[in-house]
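Architecture at a glance
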Amino acid sequence: MTRADLVAMAQRTLAHARAGTAPLAESVVEVPTRTYVDPNQWALEMDRIWRRVPLVLAPSVALPEAGSYVALDVAEVPVLLSRGADGEVRAFVNSCAHRGAIVMEEGHGIARRFTCPYHGWSYDQDGALGGILDREAFGEIEVDCHGLTALPCEERAGFVWGSLDPQAELDLDAWLLGYDDVLDHLGLAGCHLVGRQEVAGPNWKVAYDGYLDFYHLPILHKDSFGPDYSNKACYDAWGPHQRLLQPDDRVIAALDTMPEDDWTDEKLTGGVWTVFPGISVASFDVGGRMFMVSVLSPGSAVGSSRTVQYFLAPFVPDEEQQRAIDKRIEFLLGVVRDEDYATGLRIQRALATGAKDHVLFGRNEAGGQRFHEWVEALVGADDAAALASVVATADVVHQP
Ligand SMILES: [Fe+2]
């Protein structure tokens, strides 16, 4: 079924390549500048998007073995991910039951237990309170009720999904509309982590607009990877989640003379795969395939964001391959930090002046149009029922 979807997308792309065409949205869309600079809008996005909808918290390979943990901030919530002895990944609010201290400093590694740096209370890999310092002197408490606060969490398609709302029900089927089955063809679950870096950026939507945009590739990236890239994109959407593929993608073009049986998953899954509201997966050739999984989330105020980039490869690199990978990662850091986000930070400064009332998304920028429609709809959903009805409108839409 999902292979058939991938083949259909490739055939659509081949038809465009042969005809020299690209799909276009119906009209040019105006997005109010306010959406990028207004602190009230930002607070609503934090509550009604980031702390409410299912999120990708990390790729699964960031927790490669039993005992692996990752401590990270997601939309200002300190989160602790832990892979237990049973192989299950669990997510918690990274805050001690005693007086709320952050238990594990941001980072990753292997830990048998999590010990709070304030008074030494400790927690098991499954979040249960395991140790209270000077227990008798402290006094009686219900130990079972004082574990780390669990967050809904599930692994699918090589990602750890979760919600920052402890009460939320993680209904991934309704949220993903089968997109997880398509993503599964990328093979991220079987990959190895070969690198990681972090980049500071502008407002999360300014940054994310860039991930949904091929229009800028040969211009902004003319001195790095972009000069020979096409600036056109076909967009496929599963609700708010979108895949971008160039209508003249070279790998797809090569399928034209190849029997369909030889169209491997690798050949069919090029382009950029995004997961709303902050994930982008792109792939690069390092003498084998390497994925760049960007995990973007808002920073501490309207004008800032942070992006953790995980690099994954479907092979265990030897020393020489790792050197090539490190070199490519350094190059990509230059692209993202010095080209994309440096531009984004300047956009942020310019929009904050209020000189422009709105910005524009052209007919060739259907992905950005869809992204902002979804942001607006979710921010406008002021209770659970309204959220459910927004999610119920989600549809799978392939550009023709
Ligand atoms: Fe870019």
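Figured I'd write up the structure that's included with this text. As the structure is a prediction and not an experimental result, all values here were calculated from the model. (Residues numbered from 1 in each chain as written. Predicted model: local features only at pLDDT ≥ 70, side-chain atom pairs only at ≥ 80, totals over all residues. Heavy atoms only, no water.)

**Overview of the coordination of the iron ion**
- The protein atoms that coordinate the iron ion are His216 (NE2), His221 (NE2) and Asp340 (OD), at distances of 2.0 to 2.1 Å.
- All donors of the iron ion belong to a single chain; written as a sequence motif, their spacing is H-x4-H-x118-D.
- A relative accessible area of 1% means that histidine 221 is categorised as buried. (Donors = N, O, S within 2.8 Å, 3.2 Å for Na, K, Ca; no water. Buried < 20%, exposed > 50% of the residue type's maximum accessible area, 1.4 Å probe, protein only.)

**Overview of the pairing of strand E3 (residues 68–74)**
- Among the 7 residues that make up E3, 6 are buried, leaving the element largely enclosed by the rest of the structure.
- Where E3 lies against strand E6 (residues 107–110), 4 bridges are found, and the strand directions are antiparallel. The residue of E6 that forms the bridge with valine 70 is histidine 108.
- Summarising the sheet, E3 and strand E4 (residues 77–83) pair through 6 bridges and their orientation is antiparallel. Opposite valine 70, over in E4, you have leucine 81 as the bridge partner. (Helix = DSSP H or I, 4+ residues; strand = E, 2+ residues; numbered from the N terminus. Pairing = 2+ DSSP bridges.)

**Observations regarding the environment of proline 277**
- With respect to the helices and strands, proline 277 occurs in the loop between strand E16 (272–275) and strand E17 (279–285).
- Under the relative-accessibility criterion, proline 277 is labelled buried at 2%.
- Distance in space between the C-alpha atoms of proline 277 and proline 240 is 7.9 Å, their sequence separation being 37 residues.

**Some remarks on the packing of aromatic side chains**
- Inspection of every chain in the model, using the stated rule, returns 15 aromatic pairs.
- Centre to centre, the rings of tyrosine 179 and tryptophan 238 are 4.7 Å apart; their planes meet at 35°, and the pair counts as tilted. Here tyrosine 179, found in helix H6 (residues 179–183), pairs with tryptophan 238, found in strand E14 (residues 234–238); they are 59 residues apart in sequence, far enough to count as distant.
- The class for tryptophan 238 is buried, based on a relative accessible area of 2%.
- Feature note: the residues Trp50, Trp175, Trp204, Tyr208, Tyr211, Phe276, Tyr341, Phe371 and Trp374 constitute an aromatic cluster, connected by ring pairs.
- In this structure, arginine 250 packs its charged tip against the face of tyrosine 229, placed 5.8 Å from the ring centre. (Phe/Tyr/Trp six-rings, centres within 6.5 Å; stacked < 30°, edge-to-face > 60°. Lys NZ or Arg CZ within 6 Å of the ring centre and 35° of its normal.)

**Overview of the nonpolar core**
- Within the largest apolar cluster, 102 residues are counted, with the highest numbers of intra-cluster contacts made by Ile49, Leu81, Trp273, Tyr310 and Leu378.
- Mapping this core onto the domain boundaries places at least three of its residues in each of domain 1 (2–54 + 171–398) and domain 2 (58–156).
- Counting 16 residues, the second largest nonpolar core, distinct from the first, contains Leu80, Cys116, Trp121 and Leu129. (Core = buried A, V, L, I, M, F, W, Y, C linked by side-chain atoms within 4.5 Å. Domains from an automatic or database assignment.)

**Description of the sheet that holds E17**
- If you trace the 8 strands from one edge of the open sheet to the other, you get E13-E19-E18-E17-E16-E15-E14-E21, paired in antiparallel fashion. If you trace the sheet from one side to the other, it starts and ends with strand E13 (192–201) and strand E21 (396–398), each paired once. Strand-to-strand twist in this sheet, taken as the mean axis angle between neighbours without regard to direction, amounts to 15°.
- Note that E17 and strand E18 (residues 289–298) share 7 bridges and pair antiparallel. Each bridged residue has a counterpart across the sheet, and for serine 280 the counterpart in E18 is serine 294.
- Sitting on the sheet, helix H7 (residues 204–211) is in contact with strand E15 (241–245), E16, E17, E18 and strand E19 (305–313), with an inclination near 155° to E18. (Axes fitted to C-alpha atoms, helices over the stretch in contact; angles between N-to-C directions. Contact = heavy atoms within 4.5 Å.)

**As for the packing of helix H12 (residues 366–380) against helix H13 (residues 384–392)**
- With their axes 8 Å apart at the nearest point, H12 and H13 run at an angle of 155° to one another. Taken together, H12 and H13 sit at an angle that is classed as roughly antiparallel. On the side of H12, the interface is formed by Trp374, Ala377 and Leu378, while H13 contributes Leu387, Val390 and Val391.
- Per-class residue counts for the contact of H12 with H13 are 6 nonpolar, no polar and no charged. (Parallel < 35°, antiparallel > 145°, perpendicular 65-115°, else oblique. Nonpolar A, V, L, I, M, F, W, Y, C, P; charged D, E, K, R; others polar.)

**Some details on H13**
- Buried within H13 are the following residues: Ala386, Leu387, Val390 and Val391. Seen end-on, H13 carries its buried residues on one side only, within an arc spanning 135°. Opposite the buried face of H13, by more than 90 degrees, sit the exposed residues Ala385 and Ala392.
- Contacts from the buried residues of H13 go to helix H5 (172–176) and H12. (Arc of directions from axis to C-beta.)

**A look at the environment of glutamate 136**
- Examined against the element boundaries, glutamate 136 turns out to sit in helix H4 (residues 135–138).
- Classification of glutamate 136 by relative accessible area gives exposed; the value is 81%.

**Focus: the sheet that holds strand E8 (residues 122–124)**
- On the basis of which strands lie adjacent, the open sheet formed by 3 strands has the order E7-E8-E9 and antiparallel pairing. Unpaired on one side and paired on the other, strand E7 (113–115) and strand E9 (129–131) mark the two borders of the sheet. For this sheet the average axis-to-axis angle between neighbouring strands, irrespective of direction, equals 35°.
- Relative to E9, E8 runs antiparallel, the two being bridged by 2 bridges. Bridged to tyrosine 123 within E9 is leucine 129.

**Quick word on unusual backbone geometry**
- Phenylalanine 276 connects to proline 277 through a cis peptide bond whose omega is 5°.
- Although it is not a glycine, alanine 75 adopts a positive phi angle of roughly 50°.
- Within the secondary structure, alanine 75 sits in the loop between E3 and E4.
- For aspartate 134, which is not a glycine, the phi torsion comes out positive at approximately 50°.
- The class for aspartate 134 is exposed, based on a relative accessible area of 57%.

Note that all results are geometric; they support no functional claim without further evidence.
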